[in-house]
Amino acid sequence: MRHSFKLKRTHKIILAVVAVLFIFLFFLSDIIENYVNKNGEELLGRKVNIEEIHINYLKCAVELEKFTLYEENKKDTFVHLGRLYLNFQPWKLFAGEYAVSALHLNDIYASVIQNGEQFNFDDMTASDPETEEAQDTTATEESDLKFSINDIRINGGLVRYEDKQIDSRFELKDLDWQIPSIAWNNQESNMGLNFALAGGEVGINADIDHAAERYQIGIDTKKVDLSMITNYLKDYLNVESLTGLLTSNISIDGSMKHVTELQVKGQTILEKIKIDATQTGELFRAEKLTVDLSNIDMKTSSYELGDITLVDPVISVKQDKESNSIMHFFAPVLEDSVATETPQAKAEDSQTEQAAEGAAEEELHYSIKQINIEGGEVAFVDESLHRKFAYNLKDIKVAVSNISESSREMPLKWSVNMNNKGDFHGEGILDLLEPFNAKINAQVKNLELLSFSPYTEYYIAYPITKGAFNYNFDLDMTPKKLRNQNDIKINEFEFGSKVKTKPEYKLPIKLALYLIKDKDDNIEFNVPVKGNPSEPGFKVAPIILKTFAKFILKTATQPFNAFAKLVGTSPEEIETLEFELAVDSLGVKQRQELDRIVKILEKKPDLIFSFQQQTDTKLEKEVLAIQMMQQRYKTEKQVAEVADNDPAFVTYVSALVGEESASLSLADKCQKLVAQSEVDNVFNNILKKRNDAVRSYLIDENGVESSSVIVETADLRNLPEELKTPKFAIEVSVK
């Protein structure tokens, strides 16, 4: 028996509804995708494009792929999401809570462009009166909103920022942001954010205690390049470029209720620091700066720092007749300060200060455990004189400890290499509460004065040709009593012939040197200073300088007179060891002069003979260029010898130079034909071979003790004209 199965009418309706619903849900993602793509500008005010939307109805999850929100021009990308995943928990709606179990964003791209006070998203944030009114009416309702969002992740992506007004841009790369949970009833929240910035890495961790209304933030950076902030500084400094790598480990503990209740601790390290100023070039560089932040408490205005260490800093200072490179660097700030010092501004500042004094009861507290400078250098060039002065302070070491606003004893210690021609070091104790409490002891040892010849030529029209400066400074000062001892000794000091330039001051230098010579041919004197620092107008420096002016620098007259008698010769024969230009070996005459010095050392073994090589750099390089061209000529023409004025050689050189040869000297022609680097190399080799020849003859061939011989090359950059001959200037001292 056959039975037929027929659906009831109600069943058919239900099946139809289910089928329609299934089809609707199946195509819902496409419907939403098409709708948003077509109506994005009405919904968000910008063109929108979504490539795919996936809805998982079983998991209540929505996945969106390749979402793009465009700029106003509808071409450039403003925001792009590679993937967005949202897992919703609808059953919690029955408890009145909006709950999301997972929110994942992958491969984000965002472009933020600022031009003055305008941003590239201002059109999307423009206020709507109707919207503001609606927000006001729902404010009370939102206060009762219950929500929870768990497992928030942002992985990968790029955020690009550009400031068109100051021409600055930087990028946050490789974003990694994780927030375990955000909920209306959370007692605690935490998050982690990592990204790449300016070639380095940045990590941020935050913990929030909602019950206690406190937060803790940890910020770690690793080798972040600071060059991105250069343009932001140009309104305040004449800075061309700023580079450096920032590494830090900072912790911040603060209150959400009281903004000033904030404590900062950690360490900051800057490496490979370099600052270039506009027009003047490099101003500062350092290998490393380390700052330990022991505790910065904003509430109590307390700033406690640990060790501050600066490694291998180099400051380059250039002085001209108008200003110097440091003043030029800070000129914008200084100009602003001057501009604000109007009568009205001063009156306003006075009122502000009075109000601040009446309102502020807490004082500023600061402390630094220790400041260390290691391996510092100052490269100083002065172009305000008749000729350039170049000087380098090297191997600068400074240590200062126990620094605070209430420190009664702040130890200070330093040492400086003075242009490789002297030493300056000292130590002391300062009182930051009472500046007139101080103890300082300092020494300058064997400071070569020849390098300062550009200054003496400028001020008194006499160059310094010899001299080693020694100075002992001792200061013991209280508010009521000062004791200062200044011991000065200048060995073998001597001025040269008067230069043709007009001096700033006219002083009887030659006569003064004649009158103050002592029996040992040295300049030596003591300047004791006593007084009461609390007396009006009392200043230590003017007293010392005034006394010092009475003792025009003493010099040794002719210490070789006595030595000449010992070996039966004239002083001139042992005062200098002359060489011919471009000659690097000892001749018969030089060996005879050195033999006399050997005899002197046999009779006076405690003496030290110092040989300082001097020459005319320009003239010697001209001779070398001619010799090098002569060698080329002999090789090409197959001749054994050639004189400087040989017509054939002169014609040969002129032909190589060309048309302009008629107006040039032979030396100028040769220098045009020989590479400057080749001439420099040969010149430097000659200087070295001369030094080695003198040292070897005395020590190796004649058995003189090495401690009795010093051979070196003078500071040829600052050498006076009258010393520019190829020779060794010989000086004598005692061990």
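Going by the structure above, here's the rest.
Residues numbered from 1 in each chain as written. Predicted model: local features only at pLDDT ≥ 70, side-chain atom pairs only at ≥ 80, totals over all residues. Heavy atoms only, no water.

Caption draft 1: Structural context of the overall build of the chain. Within the chain one finds 18 helices and 27 strands. Residue burial in the chain is summarised as follows: out of 735 residues, 37% are buried. The long-range fraction of contacts in the chain, counting pairs at least 24 apart against all pairs at least 6 apart in sequence, stands at 59%. When the accessible surface of the chain is split by element, carbon and sulfur atoms take 54% of a total near 43400 Å². (Helix = DSSP H or I, 4+ residues; strand = E, 2+ residues; numbered from the N terminus. Buried < 20%, exposed > 50% of the residue type's maximum accessible area, 1.4 Å probe, protein only. Contact = heavy atoms within 4.5 Å. Areas by Shrake-Rupley, 256 points an atom, 1.4 Å probe, with all protein chains shown as cover.)

Caption draft 2: Here's a closer look at the pairing of strand β11 (residues 239-255). Pairing between strand β10 (residues 214-225) and β11: 10 bridges, direction antiparallel. From the neighbouring strand, Thr-221 faces β11, where its bridge partner is Ser-248. One ladder, built from 14 bridges, connects β11 with strand β12 (residues 262-277); its direction is antiparallel. When the sheet's bridge partners are listed, Leu-242 is paired in β12 with Ile-275. (Pairing = 2+ DSSP bridges.)

Caption draft 3: Geometry of the side chain of Asn-324. Within the element layout of this structure, Asn-324 appears in the loop between β15 (314-319) and α6 (325-329). In terms of polar contacts, Asn-324 uses its side chain to reach the backbone amide nitrogen of Ile-326, at 3.0 Å. The residues touching Asn-324, leaving out its near neighbours within four places in the chain, are Val-317, Lys-318 and Gln-319. (Polar contact = N/O pair within 3.5 Å; in protein donor to acceptor, adjacent residues only side chain to side chain.)

Caption draft 4: Structural detail: the packing of aromatic side chains. Scanning the entire structure with this criterion turns up 17 aromatic pairs. Both rings, one in Phe-579 and one in Phe-728, keep their centres 5.7 Å apart while their planes meet at 65°; by these two values the pair is edge-to-face. Placement of Phe-579 in the loop between β24 (576-578) and α14 (588-603) and of Phe-728 in strand β27 (residues 727-734) is noted, with a sequence separation of 149 residues between them. By relative accessible area, Phe-579 is classed as buried at 7%. Among the aromatic side chains, those forming a connected cluster through ring pairs are Phe-380, Phe-389, Tyr-391, Phe-452 and Tyr-455. Positioned above the aromatic ring of Tyr-70 is the side chain of Lys-47, whose terminal nitrogen or guanidinium carbon lies 4.8 Å from the ring centre. (Phe/Tyr/Trp six-rings, centres within 6.5 Å; stacked < 30°, edge-to-face > 60°. Lys NZ or Arg CZ within 6 Å of the ring centre and 35° of its normal.)

Caption draft 5: Representation of the nonpolar core within the structure. Of all hydrophobic cores here, the largest spans 30 residues; its most connected members are Phe-469, Ile-490 and Phe-493. At the level of secondary structure, the elements contributing two or more residues to this core comprise β17 (389-404), β18 (410-418), β20 (438-448), α9 (453-460), β21 (464-477), β22 (482-495) and β23 (522-531). If you tally residues by element for this core, the top one is β21, at six residues. (Core = buried A, V, L, I, M, F, W, Y, C linked by side-chain atoms within 4.5 Å.)

Caption draft 6: Quick look at the environment of Tyr-471. The topology assignment puts Tyr-471 in strand β21. Looking at Tyr-471, the relative accessible area reads 19%, which means it is buried. Excluding anything up to four places from it in sequence, Tyr-471 contacts Ala-442, Gln-443, Val-444, Asn-486, Asp-487 and Ile-488. Here the side chain of Tyr-471 touches Asn-486 through a polar contact of 2.5 Å, side chain to side chain.

Caption draft 7: View of α9. Taking burial as the measure, the eight residues of α9 include six buried ones, the bulk of the element. Where α9 is concerned, the buried positions are Ser-453, Pro-454, Thr-456, Glu-457, Tyr-458 and Ile-460. Ala-461 sits one or two residues past α9 and shows a positive phi near 70°.

Caption draft 8: How the structure looks around the packing of α14 against helix α18 (residues 676-701). Where α14 contacts α18, the axes come no closer than 11 Å and their chain directions differ by 45°. With respect to their mutual orientation, α14 and α18 come out oblique. In this structure, α14 meets α18 at a crossing whose hand is right-handed. Listed contacts from α18 to Arg-591, Leu-594, Asp-595 and Val-598 of α14 are Val-694, Tyr-697, Leu-698 and Glu-701. A per-class count over the contact of α14 with α18 returns five nonpolar, no polar and three charged. (Axes fitted to C-alpha atoms, helices over the stretch in contact; angles between N-to-C directions. Parallel < 35°, antiparallel > 145°, perpendicular 65-115°, else oblique. Left-handed = near helix turned anticlockwise from the far one by under 90°. Nonpolar A, V, L, I, M, F, W, Y, C, P; charged D, E, K, R; others polar.)

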